[in-house]
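# Secondary and tertiary structure notes
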Amino acid sequence: MVRKRRSDTPGSGEGSEPQETGVGRGAVQRPPAQLQQPHQPQPPYEPQQPQQPQQPQQQGGGGRGWAPQRGGYGGRGGGGGRMAPPQHYGGPPEYQQQARGGQQYQRGGGAPRRGAYSGGRGEAPFAGGPSRPPAPELHQAATQSPYQATMTQPIQYGSPAETLRGASSSFQPPEPTDVEVSEQIQQLSIQPDVAPSQEMQPASSKSVRFPLRPGKGSNGTRCIVKANHFFAELPDKDLHQYDVSITPEVTSRGVNRAVMAQLVKHYRDSHLGKRLPAYDGRKSLYTAGPLPFVAKEFKITLTDEEDGPGTARREREFKVVIKFAARADLHHLGMFLQGRQADAPQEALQVLDIVLRELPTSRYSPVGRSFYSPDLGKRQPLGEGLESWRGFYQSIRPTQMGLSLNIDMSSTAFIEPLPVIDFVTQLLNRDVSARPLSDADRVKIKKALRGVKVEVTHRGNMRRKYRISGLTSQATRELTFPVDERGTMKSVVEYFQETYGFVIQHTQWPCLQVGNTQRPNYLPMEVCKIVEGQRYSKRLNERQITALLKVTCQRPQERELDILQTVHHNAYAEDPYAKEFGIKISEKLAQVEARVLPPPWLKYHDSGREKDCLPQVGQWNMMNKRMVNGGTVNSWICINFSRNVQDSVARSFCHELAQMCSTSGMAFNPEPVLPVLTGRPDQVERVLKARYHDVTTKLQPHKKELDLLIVILPDNNGSLYGDLKRICETDLGIVSQCCLQKHVYRMSKQYLANVSLKINVKVGGRNTVLVDALSRRIPLVSDRPTIIFGADVTHPHPGEDSSPSIAVVASQDWPEVTKYAGLVCAQAHRQELIQDLYKTWQDPVKGTMHGGMIKELLISFRRATGQKPQRIIFYRDGVSEGQFYQVLLYELDAIRKACASLEPNYQPTVTFVVVQKRHHTRLFANNHHDRHAVDRSGNILPGTVVDSKICHPTEFDFYLCSHAGIQGTSRPAHYHVLWDENKFTADALQSLTNNLCYTYARCTRSVSIVPPAYYAHLAAFRARFYMEPETSDSGSMTSSAVGGRGAGPGGRTTRPPGANAAVRPLPQLRDNVKRVMFYC
């Protein structure tokens, strides 16, 4: 768990919040009278602290800032006087006393008192010992698990006329009259009092519960699909865990495994009671039944395989101590799979995983959860010294049908086992003896070879292995080294000639440096060969990615056959480890009930021949249709950076594009403000700024602004695209549409229609809207103002120094929910939680300020719609299962705080859904030859949803394949609900998600993940272009440049927890850019 994430944000101490934000966490507060009568007019919310005047950026259209409109906001219940228990963040200790009680849920032991509210009016809402102010240095908001109080029925409070008593003193909660507590999520977990010296642990998985499945969905046409899950029978063995310590300690799992393999080979019959243990390569050993000892020490000798067969090999002695640790508990795993226990017993699952990985680990090259080998399929060259290896992914998963083994096909890049000279020749793609290496060549070689293992070839059978640490700066002919204590120097060339009779040919090349930097060893490249079986983990170039995709892209039927063959080939029934532990794996794909959800009707403009449209098999087109809201482009210009495109071609292209935009329903001026300009790609900034100056000069007298810049780019334009977007969006504040030279020449109608869709949303139009949205028929969206967020974190590729980029988008129109404004920021490396959702900082004049991405997007929703969202639906991409708890606790907390910072007691209900694409579940048609069961690519039909059998035993998740396949096998998206105060039914959430997939702006197809998450991904990717090229290796700069002081709501700086250096902030998006869908 991540500890106290926000404690280093400037000004997030106890007193950093306005004191009007309400009572202690979890305290049940009667709402003020005016909030209970929805039609009573209300003065705008004015902050009462002098130190925080209304920020100018929050001035809304009507009234001041975040003023409630048309009477109050009936809290969660929307006017019925039912309020969410208000949340508290910091503030004076007397507000906090009530929040501290003992109601902590433990995993084992006595049953928790599920939401036992205490009776007396004067008592704390959660009984549990005397209330004391918390230890002052603990930041409650960041460490406690937020808001687990979820009622299946809202709490009914006293009569609406009653108001709060004694608002200035500590609020007393009224007595609830009727409480029915949710079985779904545990009551608000309150941490017990902690002495100041103890570190308070953040809320853990023990205290928060994800929502239970609210029943299965029933919408759609029922069908059967097959999934690449294989039923695994739970063994009834008595599993034992032993601690292993190997001395001298080695970091390599491979060496540890070799030691253990020797031990089992020599002592299995004599000392291990004939048991075959499974070993995790580190500190744990598992057996099916006890070993005949509690603790025992063994001596093992390993013969080093690094030297060839011809000479005396190096021998290493190891001492191994095996000591009983615990009995691994399969009983609780059984309970969990039957849905009778909420927590997945990770330890038991891990044991079974390790057992099933033992055999393939010894046979193949393991990479993560996958195994690769040249024997599992043909190697394919990828270029520049790389080749692809085939393999399979294997993971044991708890599902509704019991344990299942998920098997999928996989391919990845390995370094070809070539002589280093040949590898370098391929890498540089030229005859390397022809001319000396340039500095750029050296950098490329060093990057590619650092960390690679090589074996020497100049010593006959002695194939000693080394790891490359770098290249020498001098050529081989200039290198000398000391040969004795007196410091006698000898050249490398002489040494190889005299010692091995080896004449070095390429003396002008650098040597490889191996071993450590203190005592470097020099090896000429020509005596080294790359050792087989090393995965290439750095970034692949475009050509290599294309080649790898070609290998991995398989039609569903082929993939299914390959998976079945893999399971057959792995012969789990014969696997000695699976046998020993009593694990039986089915050889049949799981057959699963599925439903195909119907596509939604889409609304187009009434002036078109077709006013609405029902997509067929996930697609439709713009023929005879006009955009539902066409944008306006009065003033536009075109700059051509491709010297192969003549002015006349550029002009006629722009003319055709303008024509298409008009036909599609936009108001598009056929003539540019200035004629097409041809610019040099190496002067992109100068050209853009000069042209922008010219066009502004021409438009200003008429009080007009530039609406659109059309740019023609060469097909291979390197960094030109990114530079152009950065300058336009963060410097000049203009939206641009880039077109590649190849499309300009072809000028196909289909291409122009697609580009017009993108241009329309970039200038603030809407392409289409769900008919159900307009007629207010979307459950839990149409009935009251709802904002839908999408959020994503994209991490840099291995070997890149840039920071992760973050994007959050949010719908800006209701009830249509099709326009999304986007914000971007950067944050610390390997940081998964979005730091900037909510932040506070100190302003020297105004005191504590509150801001962050959520707040900014809520304010812009308010500006755009004149309403405050009463519901938040948050789709979060880019989270793996292991991070569910952290992400929920931290980000839900941030959403709450952002809401409370706008107005005390403002707590819209939240549904938090994680969207996953990077999983290995694949769905296949039950009968590949049934024309009604598959699309043109042979994949399952768009709208196929699965929420049984292969899904979580108890929680609310589902697989949805919302798109039609094009090539390869479709990957369904996996949606997992981590929090749900809106009480979605399975049908409501599945249909909403599927229907939203038809509103994606860039094409007339339904897409594979819900558009807000897709847009967040696009925006986060765009933000990578805003990052300045890093100057240092670490990618950090001194904190003086971007301290907490100067960074206002626009500064978008983030600080890595516990680090002094601040992350380089991204340049600010211009206001007119962030209001539209610039990232499309």
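Residues numbered from 1 in each chain as written. Predicted model: local features only at pLDDT ≥ 70, side-chain atom pairs only at ≥ 80, totals over all residues. Heavy atoms only, no water.

### Description of helix 11 (residues 556-570)
Owing to its 3.6 residues per turn, the α-helix brings residues three or four apart onto one side. Note the following rule: Here a strand is any run of E in DSSP of at least two residues, a helix any run of H or I of at least four, and the numbering for each starts at the N terminus. For a helix, the expected span equals 1.5 Å multiplied by the number of residues minus one. A simple rule labels every residue: compare its accessible area, found with a 1.4 Å probe on the protein chains alone, to the largest value its type can have, and call it buried under 20%, exposed over 50%, or partly exposed in between. An arc is given here, and it is the one of the directions from the helix axis to the C-beta atoms. Here, two residues are considered to be in contact whenever any of their heavy atoms come within 4.5 Å of each other.
Taking 1.5 Å per residue as the helical rise, helix 11 with its 15 residues ought to reach 21 Å, and the 21 Å between its terminal C-alpha atoms agrees with that figure. If you check which residues of helix 11 are buried, you get Pro 556, Arg 559, Glu 560, Asp 562, Ile 563, Thr 566, Val 567 and Asn 570. The arc enclosing the buried residues of helix 11, seen along the axis, measures out at 160 degrees, which places them on a common side. Residues of helix 11 that are exposed and point more than 90 degrees away from the buried face comprise Leu 561, Gln 565 and His 568. Those residues of helix 11 that are buried lie in contact with strand 1 (221-227), strand 2 (229-233), strand 11 (386-399), strand 12 (402-415), helix 10 (542-552) and strand 38 (923-925). Within two residues after helix 11, Ala 571 carries a phi angle of roughly 40 degrees, on the positive side.

### Observations regarding the side chain of Lys 625
Rule in force here: We call two N or O atoms a polar contact when they sit within 3.5 Å, provided that within protein one can donate a hydrogen and the other can accept it, with sequence-adjacent residues counted only if both atoms are side-chain atoms.
Here Lys 625 is to be found in the loop between strand 23 (612-613) and strand 24 (632-633). The buried category is assigned to Lys 625, whose relative accessible area is 6%. Polar side-chain contacts of Lys 625 include one of 3.2 Å to the side chain of Glu 610. If we ignore the near neighbours within four places in the chain, the residues touching Lys 625 are Tyr 604, Glu 610, Cys 613 and Ser 664.

### Looking at the pattern of salt bridges
Between side chains of opposite charge, pairing is possible as soon as their charged atoms come close. Just so we agree on the cut-off: Salt bridges are defined as contacts in which a side-chain nitrogen from Lys or Arg sits within 4 Å of a carboxyl oxygen from Asp or Glu.
Taken as a whole and assessed by the stated rule, the structure comprises 44 salt bridges. The partner of Asp 238 in a salt bridge is Arg 327, with the nearest N and O atoms 2.7 Å apart. Residue Asp 238 is located in the loop between strand 2 and strand 3 (239-247), and its partner Arg 327 is located in strand 7 (residues 315-327); the two are separated by 89 residues in the primary sequence. The class of Arg 327 is exposed, set by a relative accessible area of 55%. A salt bridge links Lys 579 to Glu 574; the shortest N-O distance between them is 4.0 Å.

### Observations regarding the sheet that holds strand 4 (residues 278-279)
Threshold: Strands are treated as partners if at least two bridges between them are detected by DSSP. Fitted lines through C-alpha atoms serve as axes, helices being fitted only where they are in contact, and the angles separating the N-to-C directions of these axes extend from 0 to 180 degrees.
Spatial ordering of the open sheet is given by 4-5-3-7-6, a layout of 5 strands whose pairing is antiparallel. At either margin of the open sheet sits one strand with a lone partner, and together these are strand 4 and strand 6 (295-303). With 8 bridges joining them, strand 3 and strand 7 adopt antiparallel strand pairing. In the strand pairing of strand 7, His 240 is matched with Arg 327. Running over the sheet, helix 4 (residues 253-271) touches strand 3, strand 4, strand 5 (284-288), strand 6 and strand 7 and is turned about 120 degrees from strand 6.

### Considering the packing of aromatic side chains
Put simply, the test is: Note on ring pairs: Phe, Tyr and Trp rings are taken, using the six-membered ring of Trp, and paired if centres are within 6.5 Å. Classes follow the plane angle, with under 30 degrees stacked, over 60 edge-to-face and the rest tilted. Only lysine NZ and arginine CZ atoms are considered, and such an atom sits over a ring when it is within 6 Å of the ring centre and within 35 degrees of the ring normal.
In the structure shown here, the tally under the stated rule is 27 aromatic pairs. Clustering of aromatic rings is evident, with ring pairs tying together Tyr 820, Tyr 1000, Tyr 1014, Tyr 1015, Phe 1078 and Tyr 1079. We note Lys 839 situated over the ring of Trp 841; from NZ or CZ to the ring centre the distance is 6.0 Å. Over the face of the ring belonging to Tyr 906 we find Lys 868, whose NZ or CZ atom lies 5.6 Å from the ring centre.

### Points about the environment of Val 711
One can find Val 711 in strand 28 (residues 708-713). Look at Val 711 and you get buried, because its relative accessible area is 0%. For the pair Val 711 and Tyr 721, spaced 10 residues apart in sequence, the C-alpha to C-alpha distance is 9.5 Å.

### Remarks on the confidence of the model for the chain
Interpretation of this model should avoid reading the predicted coordinates in detail wherever pLDDT is low. Convention followed: Each residue carries a pLDDT value, the predictor's own confidence for that position, ranging from 0 to 100.
Mean pLDDT for the chain: 81, with 77% of residues reaching 70 or above. Within the model, the stretch residues 67-205 combines pLDDT values under 50 with 342 contacts to residues more than four positions away or in other chains. Taken as a whole, residues 307-311 scores under 50 in pLDDT and shows 11 contacts with residues more than four places along the chain or in a different chain.

### Re the sheet that holds strand 40 (residues 957-961)
Spatially, the 11 strands line up as an open sheet ordered 33-32-31-36-37-41-40-39-21-1-38, and their pairing is mixed. Looking at which strands have only one partner, the edges of the open sheet turn out to be strand 33 (820-826) and strand 38. Going from strand to strand, the sheet's axes swing by 30 degrees on average, the running direction of each strand aside. Looking at chain direction, strand 31 (residues 786-794) and strand 36 (residues 871-877) are connected through 6 bridges and run parallel. Directly across from Ala 791, in strand 36, lies its bridge partner Arg 876.

### Considering the packing of helix 14 (residues 684-699) against helix 15 (residues 720-732)
What counts here: Throughout this description, any angle smaller than 35 degrees is read as roughly parallel, any larger than 145 degrees as roughly antiparallel, any in the 65 to 115 degree range as roughly perpendicular, and the remainder as oblique. Working rule for handedness: look at the near helix, and if it is turned counterclockwise from the far one by less than a right angle, call the crossing left-handed; if clockwise, right-handed. The residue classification treats Ala, Val, Leu, Ile, Met, Phe, Trp, Tyr, Cys and Pro as nonpolar and Asp, Glu, Lys and Arg as charged. All others, Gly included, are polar.
The N-to-C vectors of helix 14 and helix 15 enclose an angle of 40 degrees; their axes lie 10 Å apart at closest approach. In terms of orientation, helix 14 lies oblique with respect to helix 15. The handedness of the crossing between helix 14 and helix 15 is right-handed. Contacts between helix 14 and helix 15 involve Val 684, Glu 685, Leu 688, Lys 689 and Tyr 692 from the first element and Leu 720, Asp 723, Leu 724, Arg 726, Ile 727, Cys 728, Asp 731 and Leu 732 from the second. Tallied by class, residues from the contact of helix 14 with helix 15 come to 8 nonpolar, no polar and 5 charged.

### Digging into the nonpolar core
As a rule of thumb, soluble globular proteins bury nonpolar side chains together. Filter applied, for reference: Here the nonpolar core consists of buried residues drawn from Ala, Val, Leu, Ile, Met, Phe, Trp, Tyr and Cys, with membership extended through side-chain atoms lying within 4.5 Å.
Within the largest apolar cluster, 137 residues are counted, with the highest numbers of intra-cluster contacts made by Phe 789, Tyr 875, Tyr 975, Tyr 1015 and Tyr 1079. Looking at which element gives the most residues to this core, the answer is helix 20 (residues 884-902), with 12 residues. When sequence neighbours within four positions are dropped, the list of residues in contact with Tyr 1015 reads Val 809, Tyr 820, Thr 999, Tyr 1000, Ala 1001, Met 1077, Tyr 1079 and Cys 1080. Core analysis: the second largest hydrophobic core is formed by 54 residues, Leu 291, Leu 302, Val 351 and Leu 405 among them.

### Concerning unusual backbone geometry
A cis geometry characterises the amide bond from Thr 247 onward to Pro 248, with omega recorded as -5 degrees. Mapped onto the elements, Pro 248 comes out in the loop between strand 3 and helix 4. Cis geometry marks the peptide bond from Trp 814 to Pro 815, where omega comes out at 15 degrees. Topologically, Pro 815 is positioned in the loop between strand 32 (805-811) and strand 33. The backbone phi angle of Lys 703 is positive, close to 55 degrees, even though this residue is not glycine.

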